[in-house]
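Breakdown of the fold
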Amino acid sequence: MPETPPPENTGNTEEPDGPPRPSTVADGFRLAVGTLSVFPVRPGVVDRRAGGRAMVLAPLVGAVLGGVAAAVLTAALWLEVSPLLSSVLAVGTLALLTRALHLDGLADLADGLGSGRPAERALDIMKRSDIGPFGVVTLLLTLLAQVAALTEAASAGYGPPALAAACVAGRLALTWACREGVPTARPGGLGATVAGTVRRGPALAVTALSLAGVAAVTFVFCLFAPGLFSSSAGAFEHLSTASSPAEPGVFYEGSYAPLLGVEMSETYGGMLEAPPTFTEGVLRLPPGPFISFPALPAVVAACLLAMVAGLVAASALRRRAVRRLGGITGDVLGALVETAAAATLVVCVILV
């Protein structure tokens, strides 16, 4: 996120003959939405208390953004768009919904840290409008990692919940980056408004709620959503290495194979509503919940562990930025969002 000051107080924030009113939770929510998304909101009171509330509510904004991007991904896959192009559309949607501010912050931080200059000089480099070689390379690698990992997840059938988990993890990284004790690198701007404003208790509470929400969404999606992608005949198609679908010990291969993770005999006996058919090397499965119950907990656990990994990656980058720059800035916060999101997607694919 570029280092710009928070929006001015243009609402009815002052009494006729009194001091400005204190900020409320609604002001924090407006600040979170206005700062982290393209959605228009009426500005409210902006102070450090509102900044702290905004960072605590950041995962909620991430959930909304992730929901929209996941819907785009799901719709594209339902329309039989390739997983690669569907993933590009989903990642592009996120860039549009955030005005690409997080990506801009990532590039600026890469230029600042990559310059090897002292803190003051590095901060000046980060304020420039152009992007240097470090920023270009970091931006390209991060976007490639996000698209590649999301393509793999979409091909395996759990792309939408993985994307939602990445979006929530990216904004949850902001909550922890602004906890008490984290300094600001500049006296003004977004970093000065939110640095050190989040207490440990609210950070732990919103983390637990975020993990629980992602777990619930992942479970529901993986249990029921495969029906959205069935063919016109009401069946999935999976390539099989077997010559007969009745042969025991055969593993499914294809777009949902990593989620099935069970033998033919086990799935045939407990999950399918009708016997599968095998025609011209293609195994056709009848309608039904094609993610086995033994695999569902593994997928949910992978998403949650991936979120933790994303937070760890963001924490490492935040510590590096604080050591080099003396604190956090809006650019640092934007870089943390993209780093946590990319790490979450990559680790999720590795674990599943």
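Residues numbered from 1 in each chain as written. Predicted model: local features only at pLDDT ≥ 70, side-chain atom pairs only at ≥ 80, totals over all residues. Heavy atoms only, no water.

As annotated in an unreviewed UniProt entry, the chain carries the name Adenosylcobinamide-GDP ribazoletransferase and comes from Planobispora longispora. A UniProt comment under Pathway (unreviewed entry) is attached to the chain, and it reads "Cofactor biosynthesis; adenosylcobalamin biosynthesis; adenosylcobalamin from cob(II)yrinate a,c-diamide: step 7/7." (UniProt positions renumbered as here; feature names shortened; annotations may be inferred.)

**Considering a nonpolar patch on the surface**
A grouping of Phe29, Val38, Phe39, Leu60, Val64 and Val68 is seen on the molecular surface, where their side chains present a nonpolar patch of about 450 Å² in accessible area. The element contributing the most residues to the nonpolar patch is helix 3 (residues 58-78), with three residues. With respect to the helices, strands and loops of the structure, phenylalanine 29 is situated in helix 1 (residues 25-36). Phenylalanine 29 gets classed as partly exposed once you look at its relative accessible area, which sits at 38%. (Patch = residues over 30% accessible without salt bridge, like charges linked within 9 Å, V, L, I, M, F, W, Y side chains within 5 Å. Areas by Shrake-Rupley, 256 points an atom, 1.4 Å probe, with all protein chains shown as cover. Salt bridge = Lys/Arg side-chain N within 4 Å of Asp/Glu carboxyl O. Helix = DSSP H or I, 4+ residues; strand = E, 2+ residues; numbered from the N terminus. Buried < 20%, exposed > 50% of the residue type's maximum accessible area, 1.4 Å probe, protein only.)

**Quick notes on the side chain of glutamine 146**
Tracing the chain through its elements places glutamine 146 in helix 7 (residues 133-156). A polar contact of 2.9 Å, which involves the side chain of glutamine 146, links it to the side chain of glutamate 338. The residues contacting glutamine 146, other than those within four sequence positions of it, are Val91, Glu338, Ala341, Ala342 and Leu345. (Polar contact = N/O pair within 3.5 Å; in protein donor to acceptor, adjacent residues only side chain to side chain. Contact = heavy atoms within 4.5 Å.)

**Brief notes about empty space enclosed by the protein**
Applying the stated criterion across every chain, the model contains one cavity of 30 Å³ or more. Approximately 160 Å³ is the volume found for the largest cavity. Leu94, Gln146, Arg171, Glu338 and Ala341 are the residues nearest the centre of the largest cavity, which is lined by 16 residues in total. Of all the elements in the fold, those that place two or more residues in the lining of the largest cavity are helix 4 (83-97), helix 5 (101-114), helix 7, helix 8 (159-177) and helix 14 (330-351). (1 Å grid on protein atoms, 1.4 Å probe; cavity = no way out; pocket = protein on both sides within 12 Å on 5 of 7 lines; lining within 4 Å. Points joined across faces, edges and corners; volume = space filled by probe spheres on them.)

**Examining helix 8**
The end-to-end C-alpha distance of helix 8, which contains 19 residues, comes to 27 Å, matching closely the 27 Å that a straight helix rising 1.5 Å per residue would cover. The element helix 8 is largely enclosed, with a buried count of 18 among its 19 residues. (Expected span 1.5 Å × (residues − 1).)

**Things to note about the layout of surface pockets**
Quantified by volume, the second largest pocket comes out at close to 350 Å³. Around the second largest pocket sit 23 residues that line it, and Ala63, Ala164, Val168, Val214 and Val217 are the ones nearest its centre. Every element with two or more residues in the lining of the second largest pocket is listed here: helix 3, helix 8 and helix 10 (200-224). A per-element tally of the lining of the second largest pocket places helix 3 first, with nine residues.

**Points about the side chain of threonine 93**
Checked against the element boundaries, threonine 93 lands in helix 4. From its side chain, threonine 93 meets the backbone oxygen of leucine 89 in a polar contact 2.7 Å long. Ignoring anything within four residues of it in the chain, the contact list for threonine 93 reads Val68, Ala69 and Val72.

**Points about unusual backbone geometry**
Phi is positive for arginine 99, close to 60 degrees, though the residue is something other than glycine. As for its placement among the helices and strands, arginine 99 is situated in the loop between helix 4 and helix 5. Unlike most non-glycine residues, alanine 100 shows phi in positive territory, near 60 degrees. Inspection of the secondary structure assignment puts alanine 100 in the loop between helix 4 and helix 5. Judged by relative accessible area, which is 29%, alanine 100 ranks as partly exposed.

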